[in-house]
Amino acid sequence: AQSVTQLGSHVSVSEGALVLLRCNYSSSVPPYLFWYVQYPNQGLQLLLKYTTGATLVKGINGFEAEFKKSETSFHLTKPSAHMSDAAEYFCDLMNRDDKIIFGKGTRLHILP
Amino acid sequence: EAQVTQNPRYLITVTGKKLTVTCSQNMNHEYMSWYRQDPGLGLRQIYYSMNVEVTDKGDVPEGYKVSRKEKRNFPLILESPSPNQTSLYFCASRPGRRTDTQYFGPGTRLTVL
């Protein structure tokens, strides 16, 4: 069965520090992977996605993620955290029968 | 403006009283989907639709119905709501291909007493 695991339901980083949010997946075929961000009381919006091609994917707001097939990972990073990055982040997987599987989410806290 | 709209945004109801949450998109998207979001569980897919008259179950379809009679609308129906269906519900749409981005509605917060 396919699954998405996000390590750490809460992550705290200092403003200006590196952000690393972890996502591991399980899939029998190469998946399509997405990262979404949810700000308080809002819907989700796409940060970035991996479909095929370049494994390092750049997204909005300075975020990027690298697809590593050997590690079945798609971790999200940002070199320098900003207070406005405080939100909940979701990794999700699209499989071949069009079902979408989300991770449980990671809430990012930015410390001043 | 391209958007996904949901109504109502907030709803408090009682056990067993049928309700419908509407979802509409103005982007001519083929694929539409319903999710519920619960603390600690993330988003779970309820139903999805690849196109008009084509629907399929997601991970948590029990207690829900959907229909797709028109491309733009994808209502979620709770025939006999129960308290365990208290949740935040999101509708989403995408153009069609699996690589396409999903666009999410603003959410409907449902409380079943």
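As a reminder, the structure under discussion sits directly above these lines.
The rules behind each value
- Residues numbered from 1 in each chain as written.
- Chains lettered and ligands numbered in written order.
- Predicted model: local features only at pLDDT ≥ 70, side-chain atom pairs only at ≥ 80, totals over all residues.
- Heavy atoms only, no water.
- Salt bridge = Lys/Arg side-chain N within 4 Å of Asp/Glu carboxyl O.
- Disulfide = S-S within 2.5 Å.
- Helix = DSSP H or I, 4+ residues; strand = E, 2+ residues; numbered from the N terminus.
- Buried < 20%, exposed > 50% of the residue type's maximum accessible area, 1.4 Å probe, protein only.
- Pairing = 2+ DSSP bridges.
- Axes fitted to C-alpha atoms, helices over the stretch in contact; angles between N-to-C directions.
- Phe/Tyr/Trp six-rings, centres within 6.5 Å; stacked < 30°, edge-to-face > 60°.
- Polar contact = N/O pair within 3.5 Å; in protein donor to acceptor, adjacent residues only side chain to side chain.
- Core = buried A, V, L, I, M, F, W, Y, C linked by side-chain atoms within 4.5 Å.
- Contact = heavy atoms within 4.5 Å.
- 1 Å grid on protein atoms, 1.4 Å probe; cavity = no way out; pocket = protein on both sides within 12 Å on 5 of 7 lines; lining within 4 Å.
- Points joined across faces, edges and corners; volume = space filled by probe spheres on them.
- Nonpolar A, V, L, I, M, F, W, Y, C, P; charged D, E, K, R; others polar.

1. Observations concerning the pattern of salt bridges
Residues and elements named next belong to chain B.
- Using the criterion set out here, one finds seven salt bridges over all chains in the structure.
- Across the pair D38 and R44 runs a salt bridge, and its minimum N-O distance is 2.8 Å.
- What you see here is one network of salt bridges that share partners, running through R36, D38 and R44.

2. What to know about the state of the cysteines
- What the rule picks out here adds up to two disulfides over all chains.
- Here C23 of chain A connects covalently by a disulfide to C91 of chain A, the sulfurs 2.0 Å from one another. In this structure, the disulfide formed by C23 of chain A and C91 of chain A twists by about -60° around the S-S bond and is classed as left-handed. Of this pair, C23 of chain A sits in strand β3 (residues 19-26) while C91 of chain A sits in strand β9 (residues 87-94), placing them 68 residues apart in sequence. The pair C23 of chain A / C91 of chain A is uniform in exposure class, with both members buried.
- The disulfide bridge from C23 of chain B ends at C91 of chain B, spanning 1.8 Å between sulfur atoms.

3. Here's the deal with the sheet that holds strand β7 (residues 64-68) of chain A
Residue and element names in this part refer to chain A.
- The strand order across the open sheet built from five strands is β1-β3-β8-β7-β6, with neighbouring strands paired in antiparallel fashion. The open sheet has two free edges, formed respectively by β1 (3-7) and β6 (56-58), since each of these has just one partner strand. Neighbour-to-neighbour, the strand axes of this sheet turn through a mean angle of 20°, independent of strand direction.
- In the sheet, β1 pairs with β3 via five bridges, with the strands oriented antiparallel. Within the sheet, the bridge partner assigned to V4 lies in β3 and is Y25.

4. Notes on the packing of aromatic side chains
- With the rule as written, the count across this model stands at 14 aromatic pairs over all chains.
- Between Y35 of chain B and F104 of chain B, the aromatic rings sit 5.8 Å apart at their centres with planes inclined by 40°, giving tilted as the arrangement. Of this pair, Y35 of chain B sits in strand β4 (residues 31-38) while F104 of chain B sits in strand β10 (residues 103-104), and the two are 69 residues apart along the sequence. Each member of the pair, Y35 of chain B as well as F104 of chain B, is classed as buried.
- Each residue in the set F34, Y36, F90 and F102 of chain A together with Y35, F90 and F104 of chain B is aromatic and connected to the rest through ring pairs, giving one cluster.

5. Here we look at the environment of C91 of chain A
- Judged by relative accessible area, C91 of chain A falls into the buried class, the value being 0%.
- Separated by 74 residues in the primary sequence, C91 of chain A and A17 of chain A have C-alpha atoms spaced 21 Å apart.

6. Comments concerning the side chain of S24 of chain B
Residue and element names in this part refer to chain B.
- Within the secondary structure, S24 is located in strand β3 (residues 19-25).
- The exposure class assigned to S24 is buried, which follows from its relative accessible area of 15%.
- At a separation of 3.5 Å, a polar atom in the side chain of S24 contacts the side chain of R72.
- A distance of 3.1 Å separates polar atoms of two side chains, one belonging to S24 and the other to N73.

7. A word on the nonpolar core
- Formed by 28 residues in total, the largest nonpolar core has its most connected members in W35, L48, L76 and Y89 of chain A.
- Those elements that provide at least two residues to this core are β2 (10-14), β3, β4 (32-38), β5 (44-50), β7, β8 (73-78), β9 and β11 (106-111) of chain A.
- Excluding residues that lie within four positions of it along the chain, L48 of chain A makes contacts with L33, F34, W35, V57, K58, G59, F63, E64, A65, F74 and L76 of chain A.
- Among the nonpolar cores identified, the runner-up in size contains 19 residues, and L19, C23, W34 and Y47 of chain B belong to it.

8. As for empty space enclosed by the protein
- Applying the stated criterion across every chain yields a total of one cavity of 30 Å³ or more.
- One number sums up the size of the largest cavity: a volume of about 40 Å³.
- Around the largest cavity sit F34, Y36, D92, M94 and I100 of chain A together with R94, D100 and Q102 of chain B, which together line it.
- Mapped by element, the contributors of at least two residues to the lining of the largest cavity are β4 and β9 of chain A.
- Across the lining of the largest cavity, the residue classes break down as four nonpolar, one polar and three charged.

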